[in-house]
Amino acid sequence: MTAISLDRLRTRIEALARFGALPGGGVTRSAWSPAHEEARAWLVDDMRTAGLEPWIDAAGNVFGGLGMRAFDAARPAVVTGSHIDTVPEGGILDGALGVLAGLEALHVIRETGAGHGRPLAVAAWSDEEGRYASLFGSRAFCGKLDAAHIPEMAAADGERLVDAMAGAGFDALRAPEARAPAGSVGAYVELHIEQGPRLEEAGIPIGVVEAIVGVRRTRVIFIGQADHAGTTPMERRRDGFLAAAEFALKARDLVVKRGSGRSVTNFGVVHVHPGVTNIVPARGELIHEMREPDPAVLDRLARECSALAKRVAKRRQVQVEFRPLSATTPAPCAPRVQAVIEEAAATLGLPTQRMHSAAGHDAQNLAAITDAGMIFIPSKGGRSHRVDEMSDWDAIERGANVLLHTLIALAS
Ligand SMILES: [Zn+2]
């Protein structure tokens with residue numbers, strides 16, 4: 001049976017891991033950084049070595065085509081890929097696996113002449129991790145990039161996207177030109193590490209993703225009254241922080257009890273104003289994040305949480321304001337692609353488990369323009385977004401072979 005070369009894939013993964021490598025292991029390779037741009041140049045070379053036709057679009061996405069040099073609605077392509085940027089102090093597999101296993105799969109398809117009626121391409125989508133704008137490249141490709149917002153896109157440290165892209169030789173304002181012609185992508189499948197513990201704990205080698213969670217982030221601001229922290233009687237205080245704290249605890253319970261069982265929530269940013277010991281806090285500000293794969297459940301939880309915040313505010317005699325920060329819609333994976341992945345795994349004798357992705361991925365954007373799916377492999381200890389992120393090499397080989405056979409089936 002046609003199979004990928006683990007030696008060659010491992011050599012590729014280890015080669016890419018050198019760009020932005022950290023002394024103690026792991027890698028920092030932010031989009032548009034010098035390490036990232038060196039990695040991009042290496043990737044383009046490696047695509048050529050594999051016999052693919054490389055090109056780079058206006059959003060900085062890198063493609064390697066097999067039987068294609070551009071996207072064309074007359075010949076819809078089967079596309080795979082992921083990303084080569086990383087979080088700061090990240091691991092060597094997040095994103096890299098999907099790009100390099102896709103490259104290896106296309107390399108094998110070219111060498112063996114495995115029947116492919118449709119053109120194929122492997123993609124490395126730019127700034128998936130969102131140093132400047134999350135899922136930037138796939139958003140541009142799928143026509144979801146609002147040109148008006150590009151000038152204000154910036155990193156947490158204030159560096160603007162337009163400057164970062166200019167430094168790498170790109171004009172950010174032209175990124176929307178990366179939009180693919182309608183109908184030019186026939187299917188998309190992405191191999192990725194799970195980044196969580198579920199597959200490893202279940203002893204299942206292959207996860208078939210049913211849906212990618214939607215993520216909603218809202219700034220919730222409780223506005224009370226600053227007062228002397230010694231002389232103001234307790235019952236007269238209108239404490240913005242305590243309202244925020246009560247809301248955080250109750251919202252956590254609400255999401256656990258009234259969610260789908262897959263719903264999660266987090267309060268990762270908290271600000272107290274004025275933030276001194278002898279003043280009752282006038283303001284308590286939180287960023288509330290929720291993730292859930294079912295759009296109806298996510299909508300309901302969002303409504304229930306804002307009603308909860310209003311009740312807490314009323315009882316504590318403070319005001320509450322909501323500022324929506326971002327909202328992605330949960331993305332269902334195509335039943336057709338899930339079935340093809342399961343067949344490919346069955347052919348290889350590998351058990352599968354259907355699951356949702358609790359992390360965002362480029363596939364969620366592709367799902368809006370084509371039949372999209374994802375293949376997960378186990379992450380050791382469920383560890384990811386850290387330097388010791390890893391998967392067993394035989395798990396990597398299994399995942400890459402399922403990807404290979406899925407691509408062959410989708411392209412035939
Ligand atoms: Zn990733």
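Note that the structure is predicted; figures quoted are calculated from it, not measured.

1. Concerning the environment of V269
Structurally, V269 is set in strand β9 (residues 264-273). Along the primary structure V269 and I287 are separated by 18 residues, whereas in three dimensions their C-alpha atoms are 5.3 Å apart. Contact partners of V269, with chain neighbours within four places excluded, come to E285, L286 and I287.

2. A look at the side chain of R12
Topologically, R12 is positioned in helix α1 (residues 6-16). For R12, a relative accessible area of 5% gives the class buried. The residues touching R12, leaving out its near neighbours within four places in the chain, are W42, D46, A50, L100, L103, E104 and H107.

3. Comments concerning the sheet that holds β9
Spatial strand order, β9-β11-β7-β12: 4 strands in an open sheet with antiparallel pairing. Only two strands of the sheet have a single neighbouring strand rather than two, namely β9 and β12 (319-327). Taken over all neighbouring pairs, the strand axes of this sheet differ in orientation by 20° on average, direction set aside. The pairing of strand β7 (residues 214-223) with β12 spans 8 bridges and is antiparallel. Note that in β12 the partner of V220 across the bridge is F322. Contacts between helix α7 (residues 240-258) and the sheet are confined to β7, β9 and β11 (283-292), with β11 contributing the most and set at about 15° to the helix.

4. Some points on the packing of aromatic side chains
Applying the stated criterion across every chain, the model contains 13 aromatic pairs. Between the aromatic rings of F222 and F247, the centroid separation amounts to 5.8 Å while the plane-to-plane angle is 50°, which identifies the pairing as tilted. One end of the pair, F222, is in strand β7; the other, F247, is in helix α7, and 25 residues separate them in sequence. Accessibility assignment for this pair places F222 and F247 in one class, buried. Aromatic rings pair up to connect W55, F63, F71, W125, F141 and Y188 into one cluster.

5. Considering the side chain of N61
Relative to the helices and strands, N61 resides in the loop between β1 (53-56) and β2 (62-66). One polar contact links the side chain of N61 to the main-chain amide nitrogen of S126, over a distance of 2.9 Å.

6. Looking at the coordination of the zinc ion
Of the protein atoms, only H83 (NE2), D94 (OD) and H192 (NE2) coordinate the zinc ion, at distances of 2.0 to 2.2 Å. Site description for the zinc ion: donor spacing in sequence, H-x10-D-x97-H. Of this pair, H83 sits in the loop between β3 (77-82) and α3 (96-112) while H192 sits in strand β5 (residues 185-193); the two residues are 109 residues apart in sequence, bridging distant segments of the chain. H192 carries the same exposure label as H83, and that label is buried.

7. Focus: helix α9 (residues 335-347)
Note: α-helices contain 3.6 residues per turn, so residues at a spacing of three or four share the same orientation. Spanning 13 residues, α9 covers 18 Å between terminal C-alpha atoms, matching the ideal 18 Å at 1.5 Å per step. The complete set of buried residues in α9 reads V337, Q338, V340, I341, A344 and A345. Projected down its long axis, α9 carries its buried residues within an arc of 165°, all on one side. When the buried face of α9 is taken as reference, the exposed residues oriented beyond 90 degrees from it are P335, E343, A346 and T347. Packing partners of the buried residues in α9 comprise β5, β6 (206-212), β14 (352-357), β15 (372-377) and α11 (393-411). In the stretch just after α9, G349 is the one whose phi turns positive, near 70°.

8. Points about the pattern of salt bridges
Tallying each qualifying case throughout the model produces 30 salt bridges. Of the charged contacts in the structure, one is a salt bridge between E246 and R315, with a shortest N-O distance of 2.2 Å. With E246 in helix α7 and R315 in helix α8 (residues 295-315), this pair connects stretches of sequence that are 69 residues apart. Taking the shortest distance from any N to any O, the salt bridge between E342 and R354 comes out at 2.7 Å. In this pair, E342 sits in helix α9 while R354 sits in strand β14, placing the two residues 12 residues apart along the sequence.

9. Focus on the layout of surface pockets
Computed from the structure, the largest pocket encloses a volume of approximately 1,300 Å³. Every element with two or more residues in the lining of the largest pocket is listed here: β7, β12 and α10 (363-366). Top contributing element to the lining of the largest pocket by residue count: β12, with 3 residues. The residue inventory of the lining of the largest pocket, partitioned by class, reads 14 nonpolar, 16 polar and 12 charged. Approximately 220 Å³ is the volume found for the second largest pocket. In terms of lining, the second largest pocket is formed by 15 residues, of which the most central are R216, T218, M290, A302 and S306. Every element with two or more residues in the lining of the second largest pocket is listed here: β7, β11, α8 and β12.

10. Regarding the pairing of β5
Within a regular beta strand, the side chains point alternately toward one face of the sheet and then the other, so they alternate between its two faces. Taking burial as the measure, the 9 residues of β5 include 8 buried ones, the bulk of the element. Where β3 and β5 come together, 4 bridges link them in parallel fashion. Residue pairing across strands places V78 opposite A187, the latter belonging to β5. Where β5 meets β15, 6 bridges bridge the pair, whose relative direction is parallel. By the bridge assignment, V189 is partnered in β15 with G373.

11. With respect to the nonpolar core
Membership of the largest hydrophobic core comes to 61 residues, with the highest contact counts inside it found for I13, L43, L97, L100, I396 and L407. Those residues in contact with L407, other than ones at most four positions away along the chain, are V78, T80, A105, L106, I109, L120 and V189. If you look at the next biggest cluster of nonpolar residues, it comprises 26 residues, including A123, A180, A331 and L366.

What counts as what
Residues numbered from 1 in each chain as written. Predicted model: local features only at pLDDT ≥ 70, side-chain atom pairs only at ≥ 80, totals over all residues. Heavy atoms only, no water. Helix = DSSP H or I, 4+ residues; strand = E, 2+ residues; numbered from the N terminus. Contact = heavy atoms within 4.5 Å. Buried < 20%, exposed > 50% of the residue type's maximum accessible area, 1.4 Å probe, protein only. Pairing = 2+ DSSP bridges. Axes fitted to C-alpha atoms, helices over the stretch in contact; angles between N-to-C directions. Phe/Tyr/Trp six-rings, centres within 6.5 Å; stacked < 30°, edge-to-face > 60°. Polar contact = N/O pair within 3.5 Å; in protein donor to acceptor, adjacent residues only side chain to side chain. Donors = N, O, S within 2.8 Å, 3.2 Å for Na, K, Ca; no water. Expected span 1.5 Å × (residues − 1). Arc of directions from axis to C-beta. Salt bridge = Lys/Arg side-chain N within 4 Å of Asp/Glu carboxyl O. 1 Å grid on protein atoms, 1.4 Å probe; cavity = no way out; pocket = protein on both sides within 12 Å on 5 of 7 lines; lining within 4 Å. Points joined across faces, edges and corners; volume = space filled by probe spheres on them. Nonpolar A, V, L, I, M, F, W, Y, C, P; charged D, E, K, R; others polar. Core = buried A, V, L, I, M, F, W, Y, C linked by side-chain atoms within 4.5 Å.

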